[in-house]
Amino acid sequence: MNLRKLPRNVWVVTATSFLTDISSEMIFSLFPLYLANVLGAKTSVIGLIDGLAEMTASLLKLFSGWLSDKLRSRKWLTVTGYSLSTISKPFLLIANTWGAVLAIRLADRMGKGIRTAPRDALVADSIDESVRGAAFGLHRAGDTAGAAIGLLVALVIVAITQRAGLTLSANTFRILVGISIAPAIIAVIVLAVGAKEVPGKADGKLPKFSLAGFDRRFKFLLFIIVLFTLGNSSDAFLVLRAQNLGATVLAIMAMILTFNIVYAVISSPAGRLSDRIGRKRVIIAGWIVYGIVYLGFALAGAGWQVFGLYVVYGLYYGLTEGTAKALVADLVSKEQRGTAYGLYNAAVGLTAFPASFIAGVLWQGVGAFSGFGPSAPFLFGSTMALIAAVLLTFL
C-alpha cells in the first residue's frame with residue numbers, strides 16, 4: 001500500500017517515537033557500559049536494574065491501558081508518559097551511584113509504562129484492520145531510525161572525546177545526556193500538538209481488569225510470549241558480551257548503529273508482509289533468527305563475530321516487534337485494545353525481570369553460586385526462543 005495514505009495519527013506517533021529514540025539511544029545504549037565502567041556495577045546488578053525498571057514499566061502499562069479503555073482517551077495518557085521520561089533524563093547529569101541511576105531509570109520506565117499501551121491503542125484505533133501491519137511496521141521503522149541517528153550522534157561524541165578507549169568515561173556519558181534533552185522535549189510538543197483523539201465515548205462501565213473476557217487465542221499468545229521472554233534477557237548482556245570479547249566502545253556503538261539500521265529497514269516491509277501472509281509466519285521466522293543469533297553469541301570467540309551476529313539480530317526485531325502488536329489487535333475487540341496492549345506489554349516486561357536476573361546469575365553467579373560463564377545466558381535464550389516458535393505454530 002501507499003504509506004502516505006496512512007492517517008495523521010500514525011505519522012505523528014511515528015515522529016514522536018523517532019525523536020524520543022534519538023534522545024534515548026544516545027544514552028541508554030551505553031547504559032550498561034556506564035554502570036560497569038564508571039560506577040563499577042557487576043553484571044548481576046546491571047541485570048537487576050534493567051529487570052526492576054522493566055517490571056515497573058510493565059505494571060504501569062497494564063494499568064494505563066485499562067484506564068485508556070475506561071476513559072476512551074488515548075492521547076493525553078501518551079503525552080503524560082513521554083513527558084515523565086523527558087523530565088527524568090537531566091538527573092543523570094548528577095547521578096554518581098548505581099542506586100541513584102536506578103531511581104532515574106525507574107522514573108524513565110514509569111513514563112514508558114504510562115504511554116506504551118495507550119499509544120499502541122491510539123495507532124490501532126486510527127487505522128483499518130487491513131493495514132495494521134503496515135501502520136505498526138512504519139511506527140517501528142520510525143522509532144528505530146531515530147535510534148540509529150541517536151547512536152550515530154553518540155558515536156561521533158565518543159570518537160571526539162575518547163577515541164578508541166576500551167571503557168566509557170563519565171565525561172563522555174554526561175555530554176551525551178546534555179545533548180539528548182532537546183529532541184526529547186520536541187517529541188512531547190509534536191505529540192501534544194499533532195495527535196488527535198479518536199472519537200470514543202466512555203459509557204461508565206469498567207472494562208474487566210483481567211484476562212477473563214479475552215479470546216483464548218490471545219491468552220495462549222500471552223503464554224507463549226512469557227516463555228520466549230524468559231530467555232530474552234536485556235540487550236545490555238549483548239553489549240557486555242561484545243566488550244568481553246575485546247570490542248572497543250566505538251566498535252560497540254558502530255555495531256548497535258548497524259543493528260538499528262537493519263531493524264529500521266526491515267520493519268515496514270515486514271509489517272506489510274504480515275498483512276499478506278499472516279502475522280504468525282512472520283513472527284515464527286523472527287524467533288528462529290533470534291534462536292540462531294543467540295546460539296552464535298554463546299559460541300562466539302572474537303569481537304568481529306559478535307558484530308556480525310548483532311547486525312543479523314536486527315532482522316529478528318524488524319520481523320517481530322511491529323508484527324506482534326498488529327497480531328494483538330487482530331485477536332481482541334476495539335473496546336479491549338488498551339487493556340490488551342497493557343496485558344501484552346506487562347507479560348513481556350514482568351518476565352523481563354527474571355529473564356535479566358537469570359542471565360546475570362548464569363553469567364557471573366550470585367553469592368556462593370559462581371555461574372557458568374558468558375555463554376550460558378545465550379544458550380538458555382536460544383533454547384527458549386525455539387520452544388516458543390514451535391508453540392506458536394499451534395496458535
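Residues numbered from 1 in each chain as written. Predicted model: local features only at pLDDT ≥ 70, side-chain atom pairs only at ≥ 80, totals over all residues. Heavy atoms only, no water.

Looking now at the overall build of the protein chain. When helices and strands are counted, the protein chain shows 14 helices and zero strands. Taken against the 2.2 N^0.38 rule, which gives 21 Å for 395 residues, the C-alpha radius of gyration of the protein chain at 20 Å falls within 12% of a compact globule. Seen through its principal axes, the protein chain has C-alpha atoms that stretch 55 × 45 × 40 Å. Expressed as a percentage of the 395 residues in the protein chain, the buried residues total 58%. Look at the contacts in the protein chain between residues 6 or more apart in sequence, and 86% of them connect residues 24 or more apart. As displayed, the protein chain has an accessible area near 14,900 Å², and 68% of this comes from carbon and sulfur atoms. (Helix = DSSP H or I, 4+ residues; strand = E, 2+ residues; numbered from the N terminus. Rg over C-alpha atoms; globule rule 2.2 N^0.38 Å. Buried < 20%, exposed > 50% of the residue type's maximum accessible area, 1.4 Å probe, protein only. Contact = heavy atoms within 4.5 Å. Areas by Shrake-Rupley, 256 points an atom, 1.4 Å probe, with all protein chains shown as cover.)

Now for the environment of Asp-125. Among the secondary structure elements, Asp-125 is positioned in helix 5 (residues 98-125). Separated by 74 residues in sequence, Asp-125 and Pro-199 have C-alpha atoms that sit 9.2 Å apart. The contacts of Asp-125, once residues within four sequence positions are left out, are Arg-72, Arg-74, Val-198, Lys-334 and Arg-337.

With that settled, the discussion passes to the environment of Met-26. Relative to the helices and strands, Met-26 resides in helix 1 (residues 8-28). The spacing of Met-26 and Ile-179 is 153 residues in sequence and 8.4 Å in space, taken between C-alpha atoms. With residues near it in sequence (within four places) discarded, Met-26 still touches Gly-150, Val-153, Ala-154, Leu-176, Ile-179 and Ser-180.

The next thing to look at is the pattern of salt bridges. For the coordinates displayed, the defined rule picks out 13 salt bridges. Across the salt bridge formed by Arg-74 and Asp-125, the nearest N and O atoms sit 2.9 Å from each other. Residue Arg-74 is located in the loop between helix 3 (43-71) and helix 4 (75-88), and its partner Asp-125 is located in helix 5; the two are separated by 51 residues in the primary sequence. Look at Arg-74 and you get buried, because its relative accessible area is 1%. Given the relative accessible area of 10%, Asp-125 is considered buried. In this structure, the salt-bridge partner of Asp-330 is Arg-132, at a minimum N-O distance of 2.8 Å. Of this pair, Asp-330 sits in helix 12 (residues 303-331) while Arg-132 sits in helix 6 (residues 132-162), and the two are 198 residues apart along the sequence. Three or more residues joined by partner-sharing salt bridges are found here, namely Asp-69, Arg-72, Arg-74, Asp-125 and Arg-337. (Salt bridge = Lys/Arg side-chain N within 4 Å of Asp/Glu carboxyl O.)

Let's shift gears to the side chain of Arg-279. On the secondary structure map, Arg-279 appears in helix 11 (residues 279-299). Arg-279 has contacts with Glu-129, Arg-132, Gly-133, Gly-271, Ser-274, Thr-323, Ala-326, Leu-327 and Asp-330, leaving out every residue within four places of it along the chain.

On to the packing of aromatic side chains. Remark: the centre distance and the inter-plane angle together describe each pair of aromatic rings, the angle taken between the planes. For the structure on display, the rule yields 27 aromatic pairs. Ring centres of Phe-28 and Phe-31 lie 5.2 Å apart, and the angle between their planes is 75°; this geometry places the pair in the edge-to-face category. Per residue, the accessibility class of Phe-28 equals that of Phe-31, and both read buried. Where Tyr-294 meets Phe-378, the ring centres are 5.4 Å apart and the plane angle is 65°; that geometry is what we call edge-to-face. Taken together, the residues Tyr-294 in helix 11 and Phe-378 in helix 14 (residues 376-392) connect sequence positions 84 residues apart. (Phe/Tyr/Trp six-rings, centres within 6.5 Å; stacked < 30°, edge-to-face > 60°.)

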